[in-house]
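If you want the building blocks of each chain, they are given just below.
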Amino acid sequence: MSDERTRFANVVLPHLGDAYALARWLARNDSDAEDIVQEACLRAFRGIAGFGNINARGWVLSIVRNTAYTWLKRHRDPKVVAVDSVEEVEPAGVDAGIDWASSPASPEAALIERADAARLEAAIAELPIEFRETLVLREVEGLDYRAIAEITGVPIGTVMSRLARARRRLMVQLGKEEK
Amino acid sequence: MTQASDDPFLLVHAYCDGELDPANALALERRMAEDPRLAAERDRIEALKRAMGKLRRAPMAPPGLRAKVERAVGMRRPAVRPTWSALAASVVLAAAISVGATWSLIAPGSAGLVGDEVVGNHIRALMSEHPYDVASSDQHTVKPWFNGRIPVSPRVVDLASEGFPLEGGRIDVIAKTPVPSLVYRFRKHLISVTELQGGGAPPPERTADGYHVIAWRAGGVTYWAVSDVELDELQKFVKLWHAAPALE
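Residues numbered from 1 in each chain as written. Chains lettered and ligands numbered in written order. Predicted model: local features only at pLDDT ≥ 70, side-chain atom pairs only at ≥ 80, totals over all residues.

> Sorry, what's going on with the sheet that holds strand β1 (residues 134-135) of chain B here?
Sheet strands associate in pairs through backbone hydrogen bonding, adopting either a parallel or an antiparallel arrangement. Residues and elements named next belong to chain B. If you walk across this open sheet you meet the seven strands as β1-β2-β3-β4-β7-β6-β5, and the pairing is antiparallel. The open sheet has two free edges, formed respectively by β1 and β5 (206-208), since each of these has just one partner strand. Pairing geometry for strand β3 (residues 177-186) and strand β4 (residues 189-197), over six bridges, is antiparallel. If you follow V183 over to β4, its bridge partner there is S192. Across the sheet, helix α7 (residues 139-146) touches β1, β2 (166-174) and β3, and the angle it forms with β2 is around 20°. The strands touched by helix α8 (residues 231-243) are β3, β4, β6 (211-218) and β7 (221-227); relative to β6, the strand with the most contacts, the crossing angle is about 20°. (Pairing = 2+ DSSP bridges. Helix = DSSP H or I, 4+ residues; strand = E, 2+ residues; numbered from the N terminus. Contact = placed C-beta atoms within 7 Å. Axes fitted to C-alpha atoms, helices over the stretch in contact; angles between N-to-C directions.)

> What is the right way to read the pairing of β2 of chain B from this model?
Regular strands place side chains that alternate from one sheet face to the opposite one. Residue and element names in this part refer to chain B. Across the nine residues that make up β2, a large majority, seven, are buried. Both β1 and β2 contribute to a ladder of two bridges, which runs antiparallel. The residue of β2 that forms the bridge with A135 is G168. Relative to β3, β2 runs antiparallel, the two sharing eight bridges. Bridging across to β3, I171 finds its partner in P180. Counting the residues that bridge the hairpin from β2 to β3 gives two residues, and of these A175 lies at a positive phi of roughly 50°. (Buried ≥ 20, exposed ≤ 12 C-beta atoms within 10 Å, placed from the backbone.)

Next comes the structure, spelled out in structure tokens:
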């Protein structure tokens with residue numbers, strides 16, 4: 001095999017499962033996720049010479065993330081990802097922690113934990129994509145804030161507030177008694 | 001990571017994600033002890049994290065995807081590798097044959113080649129559905145597992161409380177010799193520690209294809225740690241691993 005292919009096999013292929021998981025959460029669809037991963041792998045292969053030898057997994061995930069955005073814009077509803085910053089659309093005060101925590105609707109931790117997987121997945125799928133990707137990079141891919149900030153191209157403070165908002169929305173959803 | 005926000009509710013998230021430094025974590029723990037609203041938020045976040053942890057593990061890539069990707073970049077399909085169980089069986093045979101023979105020493109000067117093999121074994125393990133032959137976080141299960149399979153039982157330490165839980169062990173082959181490897185986890189990364197009898201002076205740290213390799217020698221044994229965690233995390237791991245008391 002050529003050097004590039006050997007390098008691709010060592011750098012990219014071990015992370016195919018993680019790449020697919022991220023693509024699937026972003027696309028919310030199995031076959032779109034496959035297409036995104038294939039396209040991302042081609043990009044990674046073409047760019048393998050530029051891989052800086054540090055953190056292969058983060059490098060692969062950031063390519064998958066960027067590919068997913070362009071792919072979804074091209075093939076799916078452009079509005080889905082047209083909002084540059086969800087923070088601008090949604091004023092910060094709307095779900096500020098202090099109001100939420102003192103409101104009588106604060107769900108019990110036990111209720112959140114009992115939520116079944118299908119409900120949880122559906123609630124995650126409904127999150128705006130910026131919140132969803134931040135949450136998935138943290139809880140599914142296990143990345144720290146710094147790595148998430150690098151991949152999503154926002155400051156660490158934004159990562160923090162997106163995570164908090166994503167979680168709050170899920171808590172409210174899951175905290176509702178099932179009908 | 002500490003000055004990003006003064007909102008204590010945001011800080012609780014960072015706390016639950018292990019992103020606060022010890023001083024700030026301690027300060028927040030005090031605040032949570034005093035303020036039940038903060039404590040309740042922490043409980044909710046932790047409940048949610050546990051619920052997400054129970055979600056289907058990250059779905060494996062669909063079976064055909066890998067082949068499609070390999071075709072797309074013009075790779076041939078790799079030759080079918082022997083299954084772990086077949087390999088393990090042949091290792092037992094090899095071990096049986098070598099009874100009475102001197103445990104082969106890896107020739108000095110071959111460190112570069114050994115490093116390549118260590119990285120290769122780690123990558124192959126990552127790609128396999130089972131990165132270890134024996135999966136257990138219990139060092140009392142992992143260590144005896146090697147007995148009877150290979151002539152040496154590796155040094156096993158418990159670093160779970162340091163954030164590096166033991167995941168299991170496997171038998172690798174280096175220079176045609178079966179050797180023990182332990183697998184530890186740091187967040188979602190795996191760290192392989194391979195133990196070789198003998199060997200020359202360990203080579204300096206190096207990084208290849210995103211995998212860091214650190215080798216060191218202690219008590220006539222050369223240890224190789226390989227992982228794609230950040231280099232400073234791997235250095236910390238090696239330091240802790242070296243210092244921790246070994247299971248008898």
